[in-house]
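Chains, contacts and geometry: an overview
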Amino acid sequence: MPAPHAPGHTGEANSGPGALWLLLAAGVVTAWFSPLTDADLPLHLRIGDLLRTSDGWPHLEPVSWTRAGAPWYAYSWLPEWLYAQAWALAGAAGLAGLHAVLTGASIVAVWDVARRDAWSVWGTRLFLGLHLVLWTIVQPATRPQLVLAIAVPMAWGAALRLRDGEMLWGAGMALLAAMLAVNSHLLFPLGMAPGLLILAEAKRAPRGALVVFVVATLLGWCATPYLFELPAIFALNFATNALFGAGAAIQEHEPGFRWFTHAPLGMQALTFLMLVLPVLPSSFGQPAGRLRWLTVAWLAGLGLFVLAVRGLLLWWLLAMPLTAAALGSIPLPQRASTMRAVRAAWLFMLAALPLQAWQARMAMSTPGHPLPTPPLPHPEAAALEPVVAWLQCVTAGDVVATAAVGAHATTVFNYGSYLAWRVPSLSWSVDGRTIFPDSVSRAEAEQGRAGSRWHPPYGSAVAVVLPPWHVTGHLLDGDSAFVRVPLSRAGGTPESSTAHLWARRSWMEAVGPKSGRNACGNGA
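Residues numbered from 1 in each chain as written. Predicted model: local features only at pLDDT ≥ 70, side-chain atom pairs only at ≥ 80, totals over all residues. Heavy atoms only, no water.

1. Let's talk about the pattern of salt bridges
Quick note on the threshold: Any Lys or Arg side-chain nitrogen located within 4 Å of an Asp or Glu carboxyl oxygen qualifies as a salt bridge. Each helix is a run of DSSP H or I of at least 4 residues and each strand a run of E of at least 2, with the numbering of both proceeding from the N terminus. In this scheme, a residue with accessible area under 20% of its type's maximum is buried, one over 50% is exposed, and one in between is partly exposed, where area comes from a 1.4 Å probe on protein chains only.
Inspection of the entire model under this criterion finds 19 salt bridges. Measuring nitrogen to oxygen at the nearest pair gives 2.9 Å for the salt bridge that ties Asp38 to Arg143. On the criterion of sequence distance, the pair formed by Asp38 in the loop between helix H1 (17-33) and helix H2 (41-53) and Arg143 in the loop between helix H4 (121-138) and helix H5 (145-163) is long-range, its members being 105 residues apart. In this pair, the class of Asp38 matches that of Arg143, namely buried. Where salt bridges share partners, they join Arg116, Asp117, Arg163, Asp164, Glu166, Glu201, Arg204 and Arg290 into one cluster.

So, in structure tokens, the structure goes:
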């Protein structure tokens, strides 16, 4: 056990297992009720299906025709394989169960850090309460990023054990954390940052503790099928792309400080707290060495946030000790009645999280969704299911296999993830990844604005799926090679909210009767 008065924290011991069970229950139930609306989840399911059915590890682009023959690596194979397995076993319920398990594991990993580092009672409860809000409500991350919310706290726990002389347990945890991270997320090197804590408390840590942490982490990183391709993976995913930077059309890629100017008030308050952590009294109350090295980890997280708002959650993980100390330093009321009210408010927050998740799920079941009911409540499902139904009908069966399977289809970034999963027989021009050539990414950055020189590449496409407002639709309406396909819609669903579909005339002739009005249900 750590010393009762760990540096930078109050002498009040961490709260007992009762609070842990409450936090676990709130987190698991909230994750279970979460509506699985992550826009990238369908693409992760598609890649997971490829991994389940292939004999080896992919090294070439398997999904999009605009990257045909280009290098590609399934570096997030572990969560993607788990997602696909859960879906194959129990559909959406299987995914919800897996999401609940991963969320619970993240809570336990953070709790372990709090116990080992002797966080105060309310520092622990407030940190884990905010942790739940961030990972289940603000960003209900049914994506590989959630595994980092397990692996990075595990790395902090490993560093704390090594600091306290538990060399075997510390090395084992560091090894496991690194193995989880390297097979789940591109930013797995962040798992090395907790080693700074050993430097921060060098006088307390036994000799060689930092070496053990670094070696164990490096060995864990070797446990990936893409070990020798890691440089190529970084080069591919961090290359300059029109979808990044100040003009990013994708919200989560918007630079952090630009997002801060229009973020909700609660998120602005949290971001401000993160910004001022190193200069708060709770930080200056720590030994200088500890503050100096923990600030380095804080700076790494700040850099990620500056690049893109999606880095906020990673910043949260890297600044864990400083944040917990700041929250633990908040003065608590001395009167018993007021203290009971504070505890009641905390319990109310835990109870409200599952309720909010349930309400979000129910909101996805409101009238207006297309028929059939979308298998996942994807943000674009209502717009795309009529298109999916028609394309699945047209591309089904052996009769049209040679004309349909692998044929080129064109769409936009927001539609690509869902379409790549729901209509895998076609090869789509773009999906939820940010590794596409300028011929694709520039059109996405322009977002189909009037006067744009960039349009989605549709010259070789047999089908084109675009939002109703997309200006490229006017070009397709005037192109004699294409015909707009009328689509069935659910009662009450306006045409303006349904994606538009164009099909190449020659392709429709090739698929023959399958594309007819009665056979595939087209006709408004």
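2. A closer look at the sheet that holds strand S5 (residues 500-504)
What counts is decided by this rule: The pairing criterion for strands is at least two bridges between them, as found by DSSP. Residue contacts follow a heavy-atom distance rule, with two residues in contact if any of their heavy atoms lie within 4.5 Å. In this analysis, axes come from line fits to C-alpha atoms, helices being fitted only over the stretch in contact, and the angle between any two N-to-C directions falls in the range 0 to 180 degrees.
Pairing within the open sheet is mixed, and its five strands lie in the order S2-S1-S3-S5-S4. Of all strands in the sheet, those bounded by a partner on one side alone are strand S2 (427-428) and strand S4 (482-484). In this sheet, S5 lies alongside strand S3 (residues 463-466) in antiparallel orientation, the contact comprising four bridges. Bridge pairing in S5 places Val465 opposite Leu501. Lying over the sheet, helix H17 (residues 381-394) contacts S2, S3 and S5, oriented at roughly 25 degrees with respect to S5.

3. Let's talk about the packing of aromatic side chains
In this description, a pair of aromatic rings is defined by centroid distance and the angle of the planes. Heads up, the condition is: Only Phe, Tyr and Trp rings are paired, with Trp represented by its six-membered ring, and only when their centres lie within 6.5 Å; those with planes under 30 degrees apart are stacked, over 60 edge-to-face, the remainder tilted.
Going through the model one piece at a time under the given rule, you end up with 18 aromatic pairs. An angle of 80 degrees between the planes, with centres 5.3 Å apart, marks the rings of Trp87 and Trp421 as edge-to-face. Of this pair, Trp87 sits in helix H3 (residues 77-116) while Trp421 is found in helix H19 (residues 413-422), placing the two residues 334 residues apart along the sequence. Considering the side-chain rings of Phe127 and Trp316, the 4.4 Å spacing of their centres and the 15 degrees angle between planes classify their relative orientation as stacked. Here Phe127, found in helix H4, pairs with Trp316, found in helix H14 (residues 311-318); they are 189 residues apart in sequence, far enough to count as distant. Summarising the burial analysis for this pair, Phe127 and Trp316 share the class buried. Taken together, the ring pairs in this structure connect Phe257, Trp259, Trp298, Phe305 and Trp315 into an aromatic cluster.

4. Quick word on the pairing of S5
The buried count for S5 comes to five of five residues, which makes it a mostly enclosed element. Burial of the side chains of S5 extends over both faces: His500, Trp502 and Arg504 are buried on one face and Leu501 and Ala503 on the other. As paired strands, S4 and S5 are joined by three bridges and run antiparallel to one another. Counted as the bridge partner of Val483 is Ala503 from S5.

5. Section: H5
The periodicity of an α-helix, 3.6 residues per turn, causes residues three or four places apart in sequence to face the same way. Just so we agree on the cut-off: Given the number of residues in a helix, its expected span is that number minus one, multiplied by 1.5 Å.
For H5, built from 19 residues, the straight-helix expectation of 27 Å at 1.5 Å per residue is met to within 8% by its first-to-last C-alpha distance of 27 Å. Counting buried residues along H5, 19 of its 19 residues qualify, which places the element largely inside the surrounding structure. Trailing H5 by a residue or two, Gly165 shows a phi angle of about 90 degrees, which is positive.

6. A closer look at the packing of helix H11 (residues 265-276) against H14
Applied cut-off: By the definition adopted for this analysis, an angle is roughly parallel if under 35 degrees, roughly antiparallel if over 145, roughly perpendicular if from 65 to 115, and oblique otherwise. Note on convention: the crossing is left-handed when the near helix lies turned anticlockwise from the far helix by less than a right angle, right-handed when the turn is clockwise. Nonpolar residues are Ala, Val, Leu, Ile, Met, Phe, Trp, Tyr, Cys and Pro. Charged residues are Asp, Glu, Lys and Arg, and all others, Gly as well, are polar.
Two elements in contact, H11 and H14, have axes whose closest approach is 11 Å; the angle formed by their N-to-C orientations is 45 degrees. Regarding the angle of H11 to H14, the classification is oblique. As for the relative orientation of H11 and H14, their crossing is left-handed in sense. Of the residues in H14, those touching H11 at Met267, Leu270, Thr271, Met274 and Leu275 are Leu312, Trp315 and Trp316. Split by residue class, the contact of H11 with H14 holds seven nonpolar, one polar and no charged.

7. Structural notes on the packing of helix H13 (residues 288-307) against H14
Contact geometry of H13 with H14 gives a least axis separation of 8 Å together with a crossing angle of 175 degrees. It follows from the interaxial angle that H13 and H14 lie roughly antiparallel. From H13, Ala297, Trp298, Ala300, Gly301, Leu302, Leu304 and Phe305 reach across to H14, where they touch Gly311, Leu312, Leu314, Trp315 and Leu318. Counted by class, the contact of H13 with H14 contains ten nonpolar, two polar and no charged residues.

8. What to know about H13
Helix length check: H13 (20 residues) gives 29 Å between terminal C-alpha atoms against 28 Å at 1.5 Å per residue, within 8%. Listed as buried for H13 are Arg290, Leu291, Leu294, Thr295, Ala297, Trp298, Gly301, Leu302, Leu304 and Phe305.

9. Topic: the pairing of S3
Of the two faces of S3, the one holding Ala463 and Val465 and the one holding Val464 and Leu466 are both buried throughout. Of the strand pairs in this sheet, strand S1 (residues 408-410) and S3 are connected by two bridges, and their pairing is parallel. Among the inter-strand pairings, Thr410 is bridged to a residue of S3, identified as Val464.

10. Focus: the confidence of the model for the protein chain
A low pLDDT means the predicted coordinates there should not be read in detail. The criterion, for reference: Note on scores: pLDDT gives the predictor's confidence for each residue, bounded by 0 and 100.
Here the protein chain averages 84 in pLDDT, while 85% of its residues score no lower than 70. Here residues 1-13 is a poorly scored stretch, pLDDT under 50, and it has 38 contacts once near neighbours within four places are set aside; other chains count. Of the regions scoring below 50 in pLDDT, residues 398-404 engages in twelve contacts with residues more than four places distant in sequence or in other chains.

11. Examining the environment of Met508
Take Met508: it is sitting in helix H22 (residues 505-511). A relative accessible area of 19% places Met508 in the buried class. Between the C-alpha atoms of Met508 and Val483, which are 25 residues apart in sequence, the distance is 9.2 Å.

12. Some remarks on unusual backbone geometry
Trans is the prevailing form of peptide bonds, just as negative phi is the prevailing case for residues other than glycine. The phi torsion at Leu36 lies on the positive side, around 55 degrees, for a residue other than glycine. Positionally, Leu36 belongs in the loop between H1 and H2. If you check the backbone angles, Ala118 has positive phi at about 55 degrees while not being a glycine.

13. Notes on a nonpolar patch on the surface
Here is the rule: Patch criteria: residues need more than 30% relative accessible area and no salt bridge. Like-charged residues are merged within 9 Å; nonpolar side chains of Val, Leu, Ile, Met, Phe, Trp and Tyr are merged within 5 Å. Using a 1.4 Å probe, the Shrake-Rupley method yields the accessible areas, and only the shown protein chains count as cover for residues.
A cluster of nonpolar side chains, Leu175, Met179, Val211, Val215 and Leu219, forms an exposed patch at the surface whose accessible area comes to about 400 Å². Elements supplying a minimum of two residues to the nonpolar patch: helix H6 (167-182) and helix H8 (209-221). Looking at the nonpolar patch element by element, the count peaks at three residues for H8. Within the fold, Val211 resides in helix H8.

14. Focus: the side chain of Ser76
Our working definition: Side-chain atoms alone can form a polar contact between residues adjacent in sequence; in general such a contact is a pair of N or O atoms within 3.5 Å, and within protein one must be able to donate a hydrogen while the other accepts it.
Along the chain, the position of Ser76 falls in the loop between H2 and H3. Relative accessible area serves as the criterion here: at 7%, Ser76 is assigned to the buried category. For Ser76, the side chain forms a polar contact with the main-chain oxygen of Ser184, separated by 2.7 Å. Not counting residues within four places of it along the chain, the set of residues in contact with Ser76 comprises Pro144, Asn183, Ser184 and His185.

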